[in-house]
Amino acid sequence: MDTIYYLVQNMLPIAVPLLLVALGGMFSERSGVINIGLEGIMLFGAFFGCLTVYGIQRSGMGPQTILIIAMLISAVAGILFSMLLSFAAVNMKADQTITGTALNMLVPAIVLLFSKMKFNSDGITTDVNFYIQQVPGLSSIPVLGDLFFKKTYVTVYIGFLFLAIATIIFYKTKFGLRLRACGEHPQAADSVGINVYVMRHAGVALSGFLGGIGGFFYSVGVMDGNTNGHTGVAGFGFLALAVMIFGQWKPLKIMFAALFFAFLRILAYSVALIPFLHNLNLNQTYFKMLPYVATMIVLIFTSQKSRAPKAEGIPYDKGRR
Amino acid sequence: MQNNQVSPKFKDKITGITKSKAISTFTAALLAIALGLIFGFIVMIVAKPENSWYGFTTMLFGGFRRLGDVFYYATPILMTGLSVGFAFKMGLFNIGASGQYTMGLFFALYAGFMWELPTGIHWIVCILAGMVGGMIWGFIPGICKALFNVNEVITSIMFNYIGMYLVDMWVQDNATIYISSKTRTAYLPASAQIPSLGVTNSNVNFSIIIAITLAVILYIVLNKTTFGYELRATGFNKHASKYAGMNDKRNTILTMLIAGAFAGLGGAFAILAPSTIAGSSMTYEPINVIAANGFNGIAVALLGSSNPIGIIFSAIFISHIQRGGTIVSSLFGYKPEIIDVVIAVIIYFSAFAMLMNSNIARMVRKRRLAKEESGSVNSNRKQNRKGA
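Being a predicted model, the structure only gives us computed values, none of them experimental.

Overview of the overall build of chain B
When its secondary structure is counted, chain B shows 15 helices and two strands. Looking at chain B as a whole, 51% of its 388 residues qualify as buried. Pairs at least 24 residues apart make up 77% of the contacts formed inside chain B by residues separated by at least 6 positions. Carbon and sulfur atoms make up 63% of the accessible area of chain B, which amounts to about 18500 Å² in all.

Dropping the structure here:
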């Protein structure tokens, strides 16, 4: 039982960045813009989040307040950075995959350049402890308290709050409906008076918002509040894309996909605790590969019937039929 | 009078050349490069204003002092660039060149250490082994794309990680290849190393000649054979080419196979290169990092607009400013990451440089037209006055 508690407690902080970034990718792709630059957006958000933490960690504020402030800054950074993508993809009608790749290449270089110049290291190291030993009151609930309210981060609750908000925006508002229309048939959307360009900018900006926050939450939940230009976010942006495809571009399915991947990952890093896996006596590398291999297998089984937004990746041109 | 009659013809010829596609992609690439360099210059000014101009000119021209090294470092990224560019022609984005490169590197290492072959044959076998390694790693995403409709971008990213972890594990588990006290691979036997071209103080070797030859062959295959035609047709319009009876599944798998072969060769060329220090060789450190040369290959392919001949030049260019960058960082204290920033900015702009280019051209043409119009209006007025 303790092992299960341990796995769940450690799985959630890893699942949340995946969940948020995949939701961001969903907003962008359902509006018609492929966002392969999520990896870069994440690292950009993480970098600014950690920079903020570094700047205000001596100011005497509580760790959770610092976290919220840094989260807002990383969200703004993510939005601003994602505008590079939406400018190229929407206004300049550039190839979206190429632009995203360029952004992915740009961020680690910028982070390394800045950190080496300012801190003479490969990244930013902060020393705020964001860890929550137990949530007062709620942690005394028998099973649930152990699972969800002990040894965790506040990022987990914020993450699921964002999931709820994103689902409502996506399905229950005019904005969500219009956004989805632009990803399916932009010409039809335009013909009924929806501004496709604005919607696509909004979709990408939302992915920047969620991607930036997701990146910062990665550095909180996985890297103990640090960020590093070399390892970056360890392919989480790409994994989030896989999560999004596995989740069929739908919020709730994305949540389950994110939990699945996070579970596999935490399993890989806690082999020693689980007697059954430990007795297999396999090289640890096999477990480290597990999330990636599982992604492949899952995609092989789900891609046949997967239906991507119809107009994604195609720049919208008013003159075309 | 005669002058006037000749000049329009000449003008037509010039505009005919400048309007051709090759030239416009070339000028677009130049525009992107210029913007990237300007951005790099600004970063340098911000970082260290006092050295910025010397630093900038060294970055631009420093590579000429080490031409041998420029070609040496251009070889692997030329190969990964060909890999990415070739797949692009078919409409596939081979972001997995890194994984294929790493696989090729390992296969070449393995053949170099574990197989004993006579000098003169050994290095060729190692190169071929590297090619096979890359092919295998390109083949799997190809199969997944063709048979299961899995997005090749995701697959090949996953295979970058899987390949990197696998290779690092295989290297560390092999006592012949790996020296654990130095956390790197041992020196390759001399017979497995590619013959050097004999430039002093440089590792430039025979592989650059192989790489350029392969690029030329690829150009011919793409432009003069049925297979190349089918690939390009599929890249232009998947449905139309399928309707015309082209087997897109077979072509997808073949494309990824060949793209993998190129990237694998890049890995083999990188690890089998001779060293200027006698008795040593290139080594590989299994530190769980995705090979950067694969991603630089994407930059090379994009800058060369996926044309094999263009890729030769863009690989040499990128290698050139990278050499300049290392000189800058050692002489003037700038960080070498400036070059990575410059390259990324170049790629960003090259994504829409074509459009920017045509917009600028249109603006110039409009202005000229406006001028001519106002000129003709004036002359009309004069004539009218005369008539009156």
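After presenting the structure, the write-up continues.
Some thoughts on the overall build of chain A
Secondary structure assignment for chain A yields 13 helices and four strands. By principal-axis analysis of the C-alpha atoms, chain A measures approximately 60 × 45 × 40 Å. Relative to its full complement of 321 residues, chain A shows a buried share of 57%. Relative to all contacts within chain A whose residues are 6 or more apart in sequence, the contacts with residues 24 or more apart total 78%. Surface exposure of chain A reaches about 13200 Å², of which carbon and sulfur atoms provide 65%. Across chain A, the centroid of the 22 positively charged side chains sits 8 Å from that of the 12 negatively charged ones.

Points about the pattern of salt bridges
Under the defined criterion, the tally for this structure stands at four salt bridges over all chains. Here Glu337 of chain B and Lys116 of chain A are joined by a salt bridge, their closest N and O atoms 2.9 Å apart. Of this pair, Glu337 of chain B sits in helix α14 (residues 337-350) while Lys116 of chain A sits in helix α4 (residues 96-118), each in a different chain. Residue Lys145 of chain B pairs with Glu152 of chain B through a salt bridge whose shortest N-O separation is 3.3 Å. On the accessibility criterion, Lys145 of chain B (22% relative accessible area) is partly exposed.

Re the interface of chain B and chain A
It is common to report an interface's size as the accessible area lost on association of the parts. Of the residues lining the interface, 40 residues belong to chain B; the matching set on chain A comes to 43 residues. Where chain B abuts chain A, roughly 3700 Å² becomes buried across the two surfaces, and 81% of that area is made up of carbon and sulfur atoms. For chain B, the biggest contributors to the area lost against chain A are Met158, Tyr165 and Tyr348 of chain B; these three give 17% of the whole. Counting across the chain B and chain A interface gives one salt bridge. Scanning the region where chain B abuts chain A turns up three residue pairs in polar contact (both at pLDDT 80 or more). Of all the secondary-structure elements, those providing two or more residues to the side of chain B that touches chain A are α2 (21-47), α6 (122-148), α7 (152-173), α12 (292-303), α14 and α15 (353-387) of chain B.

Regarding the confidence of the model for chain B
When pLDDT is averaged across chain B, the result is 84; 90% of the residues are at 70 or more. Scoring of the predicted complex yields 0.86 for pTM and 0.88 for ipTM.

Considering the packing of aromatic side chains
All names here are of chain A. Applying the stated rule across the entire model yields 31 aromatic pairs over all chains. Between Phe27 and Phe170, the ring centres sit 5.5 Å apart and the planes meet at 90°, which makes this aromatic pair edge-to-face. Of this pair, Phe27 sits in helix α1 (residues 2-30) while Phe170 is found in helix α6 (residues 154-172), placing the two residues 143 residues apart along the sequence. Both rings, one in Phe246 and one in Phe261, keep their centres 5.9 Å apart while their planes meet at 80°; by these two values the pair is edge-to-face. Taken together, the positions of Phe246 in helix α10 (residues 236-246) and Phe261 in helix α11 (residues 251-269) put the pair 15 residues apart, joining distant regions of the chain. Taking the relative accessible area as the measure of exposure, Phe246 reaches 23% and is therefore partly exposed. Take Phe261: its relative accessible area is 2%, and that puts it in the buried class. Ring pairing ties together the aromatic residues Phe44, Phe47, Phe48, Tyr54, Phe81, Phe114 and Phe119, which thus form one cluster. Here Arg180 stacks its cationic end above the ring of Phe170, 5.4 Å away from the centre of that ring.

Some details on the side chain of Ser52 of chain B
For Ser52 of chain B, the location among the structural elements is in helix α3 (residues 52-61). Contacts of Ser52 of chain B, omitting those with residues within four sequence positions, involve Phe41, Met44, Ile45 and Tyr334 of chain B.

Describing the side chain of Ser115 of chain A
Checked against the element boundaries, Ser115 of chain A lands in helix α4. Excluding its chain neighbours within four sequence positions, the residues that come into contact with Ser115 of chain A are Phe47, Asn120, Ser121, Asp122 and Gly123 of chain A.

Some words on the environment of Thr57 of chain B
Residue and element names in this part refer to chain B. In this structure, Thr57 sits in helix α3. In this structure Thr57 comes out as partly exposed when scored by relative accessible area, which is 22%. Separated by 26 residues in sequence, Thr57 and Leu31 place their C-alpha atoms 18 Å apart.

A short note on the nonpolar core
What tends to happen in soluble globular proteins is that the nonpolar side chains get buried as a cluster. In terms of nonpolar packing, the biggest core is built from 211 residues, with Phe217 of chain A together with Met59 and Leu272 of chain B touching the most fellow members. The element that contributes the greatest number of residues to this core is α1 of chain A, accounting for 16 residues. Ignoring anything within four residues of it in the chain, the contact list for Leu272 of chain B reads Ala108, Trp123, Cys126, Ile127, Leu188, Ala192, Gln193 and Ile194 of chain B. Within the second largest apolar cluster, six residues are counted, among which are Cys182, Ile194, Val196 and Tyr316 of chain A.

What counts and how
- Residues numbered from 1 in each chain as written.
- Chains lettered and ligands numbered in written order.
- Predicted model: local features only at pLDDT ≥ 70, side-chain atom pairs only at ≥ 80, totals over all residues.
- Heavy atoms only, no water.
- Helix = DSSP H or I, 4+ residues; strand = E, 2+ residues; numbered from the N terminus.
- Buried < 20%, exposed > 50% of the residue type's maximum accessible area, 1.4 Å probe, protein only.
- Contact = heavy atoms within 4.5 Å.
- Areas by Shrake-Rupley, 256 points an atom, 1.4 Å probe, with all protein chains shown as cover.
- Lys, Arg positive; Asp, Glu negative; His and termini not counted.
- Charge placed at Lys NZ, Arg CZ, Asp CG, Glu CD.
- Salt bridge = Lys/Arg side-chain N within 4 Å of Asp/Glu carboxyl O.
- Buried area = accessible area lost by both parts, 1.4 Å probe.
- Polar contact = N/O pair within 3.5 Å; in protein donor to acceptor, adjacent residues only side chain to side chain.
- pLDDT = per-residue confidence, 0-100.
- Phe/Tyr/Trp six-rings, centres within 6.5 Å; stacked < 30°, edge-to-face > 60°.
- Lys NZ or Arg CZ within 6 Å of the ring centre and 35° of its normal.
- Core = buried A, V, L, I, M, F, W, Y, C linked by side-chain atoms within 4.5 Å.

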